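Fold and geometry: a report
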Amino acid sequence: MNNHLRELSNAIRFLSVDAVEKANSGHPGLPMGMADVVTVLFKYYLRFNPKNPGWINRDRFVLSAGHGSMLLYSLLYLTGFKSISLKDIQNFRQLNSICAGHPEYKKNSGIETTTGPLGQGLSNAVGMAIAEEILKKKFGSSLINHKTYVIASDGDLMEGISHEAMSLAGHLKLKNLVVFFDNNKISIDGSTKLAVSDNYKKRFESYGWSFQEVNGHNEKQISRAIKKTLKSKKPSLISCKTIIGYGSPNKSGKESSHGAALGKEEVVLVRKKLKWKYGPFEIPKKILNEWREIGKRGNLQEKKWNSIYIKKGKKIKDEFTRLINGKLPKNFDKIIEKEKRKLFDLKPAIASRKASELVLETITNNLPELIGGSADLSGSNNTKTKHSEIIKPSDFKGNYIHYGVREHAMAGIMNGMSLHEGIIPYGGTFLIFLDYCKPSLRMSALMGLKVIYIFSHDSIGLGEDGPTHQPIEHLVHLRAIPNLKVFRPADTIETLECWEIALKSSTNPSVIALSRQKLPFVTETFSKKNMSRLGAYEIIETKTIPEITLIASGSEVQIAIEAQKKLKNININSKVVSMPCQELFDKQSKEYREKIIDKESIKISIEAGSIIGWEKYVGPNGISLGMKSFGKSAPYKKIYEHFNLTSENIVKLTRKMLNK
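Anyway, here's the lowdown on the structure attached to this text.

Rules used throughout
- Residues numbered from 1 in each chain as written.
- Predicted model: local features only at pLDDT ≥ 70, side-chain atom pairs only at ≥ 80, totals over all residues.
- Heavy atoms only, no water.
- Helix = DSSP H or I, 4+ residues; strand = E, 2+ residues; numbered from the N terminus.
- Rg over C-alpha atoms; globule rule 2.2 N^0.38 Å.
- Buried < 20%, exposed > 50% of the residue type's maximum accessible area, 1.4 Å probe, protein only.
- Contact = heavy atoms within 4.5 Å.
- Areas by Shrake-Rupley, 256 points an atom, 1.4 Å probe, with all protein chains shown as cover.
- Lys, Arg positive; Asp, Glu negative; His and termini not counted.
- Charge placed at Lys NZ, Arg CZ, Asp CG, Glu CD.
- 1 Å grid on protein atoms, 1.4 Å probe; cavity = no way out; pocket = protein on both sides within 12 Å on 5 of 7 lines; lining within 4 Å.
- Points joined across faces, edges and corners; volume = space filled by probe spheres on them.
- Nonpolar A, V, L, I, M, F, W, Y, C, P; charged D, E, K, R; others polar.
- Phe/Tyr/Trp six-rings, centres within 6.5 Å; stacked < 30°, edge-to-face > 60°.

**Describing the overall build of the protein**
A tally of regular secondary structure across the protein gives 25 helices and 18 strands. A compact globule built from 660 residues should have a C-alpha radius of gyration of about 26 Å, and the protein, at 28 Å, falls within 12% of that. Taking the principal axes of the C-alpha coordinates as reference, the protein spans close to 90 × 55 × 45 Å. Here the protein holds 660 residues, and 62% of them are scored as buried. Taking as baseline every contact in the protein between residues at least 6 positions apart, the subset at least 24 positions apart corresponds to 77%. Here the protein displays about 26,900 Å² of accessible surface, and carbon together with sulfur accounts for 51% of that area. Taking the average location of the 100 positive side-chain charges in the protein and that of its 66 negative ones, the two points are 6 Å from each other.

**Details of the layout of surface pockets**
Empty space among the atoms becomes visible once a probe the size of a water molecule is rolled across them. Its volume calculated, the largest pocket comes out at about 530 Å³. Of all the elements in the fold, those that place two or more residues in the lining of the largest pocket are helix H12 (314-324) and helix H16 (407-420). Of the residues contributing to the lining of the largest pocket, the split by class is 9 nonpolar, 8 polar and 5 charged. The calculated volume of the second largest pocket comes to roughly 390 Å³. Along the wall of the second largest pocket there are 19 residues; nearest its centre are Thr525, Met531, Tyr537, Glu538 and Glu541.

**Some thoughts on empty space enclosed by the protein**
Counted by the stated rule, this structure contains 4 cavities of 30 Å³ or more. Of the pockets and cavities examined, the largest cavity occupies roughly 130 Å³. Together, 14 residues line the largest cavity, and Phe48, Phe61, Phe81, Gly110 and Glu112 are the ones closest to its centre. Broken down by class, the residue content of the lining of the largest cavity amounts to 8 nonpolar, 3 polar and 3 charged. Its boundaries defined by the atoms lining it, the second largest cavity holds a volume of some 100 Å³. Around the second largest cavity, the lining is made up of 13 residues, and of these Arg58, Tyr105, Lys107, Asn108 and Glu112 lie nearest the centre. For the lining of the second largest cavity, the per-class residue count stands at 4 nonpolar, 4 polar and 5 charged.

**Thoughts on the packing of aromatic side chains**
Evaluated as defined, the whole model comprises 26 aromatic pairs. For the ring pair Phe139 and Phe320, a centre distance of 5.0 Å and an interplane angle of 90 degrees mean the geometry is edge-to-face. Of the two residues, Phe139 sits in helix H5 (residues 120-139) while Phe320 sits in helix H12, which places them 181 residues apart along the sequence. Accessibility classification places Phe139 together with Phe320 in one group, the buried group. On the basis of an interplanar angle of 90 degrees and a centroid distance of 5.6 Å, the ring pair of Tyr426 and Trp499 is categorised as edge-to-face. With a gap of 73 residues between them, Tyr426 in strand S10 (residues 424-430) and Trp499 in helix H19 (residues 492-504) connect regions that are remote in the sequence. Residue classification places Tyr426 among the buried residues on the basis of a relative accessible area of 1%. Here the aromatic residues Trp55, Phe139, Trp305, Tyr309 and Phe320 are joined through ring pairs into a cluster of three or more.

See below:
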């Protein structure tokens with residue numbers, strides 16, 4: 001690096017070193033090692049505008065190696081983002097500081113995604129690159145045509161999600177995706193030789209990527225490699241041979257610089273070695289001004305883009321603005337109401353996964369921003385409709401992605417599409433395979449993204465595939481995740497209502513858990529109101545005071561209704577409550593909750609999964625019917641009988657509880 005660029009990159013190094021030192025916590029090694037690479041990228045190539053961080057056609061910069069967060073915060077401060085001040089950097093890792101230990105997504109801040117769990121940023125970046133291609137096909141390259149740049153560590157590439165995501169990116173030929181691999185050969189335990197002997201060149205070339213290798217401290221090599229990616233027809237990986245903790249006399253190239261402050265004495269030595277004559281958090285005016293000039297370049301780029309956008313026709317601008325702002329079509333409520341009336345008149349007795357497909361038939365035809373997909377289970381999840389057009393390599397005019405057997409990457413990629421803006425992603429798999437995608441789903445909730453998860457085969461009701469495929473603890477697991485709505489609809493009407501809520505939820509992801517087996521149509525009266533938005537409601541209206549309240553979700557609502565009829569025959573009054581969403585019910589007023597779940601009656605809950613969590617509804621004297629073990633392989637009705645999830649057992653328990 002020439003002295004001039006080295007001064008710019010040293011500004012990153014010392015902001016990072018000083019912040020970690022002050023906090024006595026953090027990861028100085030990566031920012032010190034990758035400072036030269038990002039200086040070249042930001043100075044010569046990256047298209048961004050600190051005055052308008054949300055400019056839709058900006059290049060995306062993703063720090064997948066989130067532990068090196070001070071690299072990102074330093075860049076945002078130096079280039080003039082108002083979201084990060086010098087005071088924020090001085091408060092690194094302190095309560096309520098935007099400079100958190102690992103980057104936490106905040107809209108229009110320059111922090112494009114939440115990273116830290118390794119591999120997540122890589123999959124998010126693939127989603128962003130897919131979104132860019134889809135919107136470019138829809139609106140043209142004059143409005144959408146940007147790069148997605150990623151910094152990934154050894155750990156990112158060790159995580160299994162990296163294989164899933166990079167493989168799909170290569171298959172789809174995402175030419176605007178560029179990954180900088182911080183190839184410093186150091187992990188927390190020591191040299192990466194302890195655990196890895198991969199040939200990265202062969203690995204990425206087998207995915208269909210272009211691969212280059214550079215000295216991560218050589219400006220000309222870095223610049224030449226980036227320039228080459230601009231004309232690539234494939235996604236690109238640039239392996240940057242760097243020295244972790246660059247500039248530290250005693251800790252550079254060692255694991256000791258990875259995840260702890262260097263120490264006061266070592267910081268003095270680093271300043272001396274890199275000839276940095278300035279105090280902690282001090283950036284000389286000349287260097288800061290040059291970084292700010294780098295930031296100002298994007299303002300001119302956006303002005304040029306705006307001059308193109310203004311000339312577009314009203315129809316294109318209106319649709320473009322609607323999609324980017326995440327607004328549903330003005331006639332959306334009418335579309336839903338019309339479909340609801342049609343389904344109520346038909347009263348189909350079908351599996352809720354099939355009901356979901358019927359809903360999708362309508363909404364995919366009216367929501368061009370809805371991009372679906374499945375992890376190789378399209379026919380089983382019923383996520384693909386007659387209006388689904390497949391997205392193929394180098395052809396992104398469709399609205400459906402075949403993710404292959406890549407559940408984890410699918411979820412991470414959907415997060416990236418949502419983060420990009422302009423797209424509402426949904427993806428399907430079996431509920432049991434939540435186990436394969438949960439880390440990315442958790443990130444959806446943490447970031448508050450509109451991502452819709454379709455989990456079919458939601459209980460022991462899937463039958464013969466047996467306990468390996470029958471989810472037991474999964475609904476409990478999902479309901480324990482903050483900021484996630486978990487829906488389990490009982491029939492076609494509830495399925496439509498759950499979809500409507502999910503599509504209108506702009507600050508949280510949604511899970512819609514669906515049955516494999518057929519369900520009867522249980523909605524008694526037509527209502528324009530979305531009853532599922534209340535979380536729970538009395539599905540079969542009764543005018544008598546109930547002696548027992550039966551609370552159920554999904555496929556078990558029909559069992560509760562059957563039990564109600566049998567109880568009536570023996571002069572026991574009961575109430576049936578359908579609870580499609582616990583999270584929404586818990587947010588209702590105390591008055592409403594006590595009206596629905598009668599305080600005076602005894603209570604039984606029925607759900608073909610773990611009983612954990614239902615105690616808060618049935619109370620200390622109630623009973624929760626569900627699963628306390630793994631399931632069985634058999635026809636589903638036999639399994640329900642085996643585990644006493646039947647209307648007969650409910651009647652038996654009720655009589656015992658009431659002494660009748």
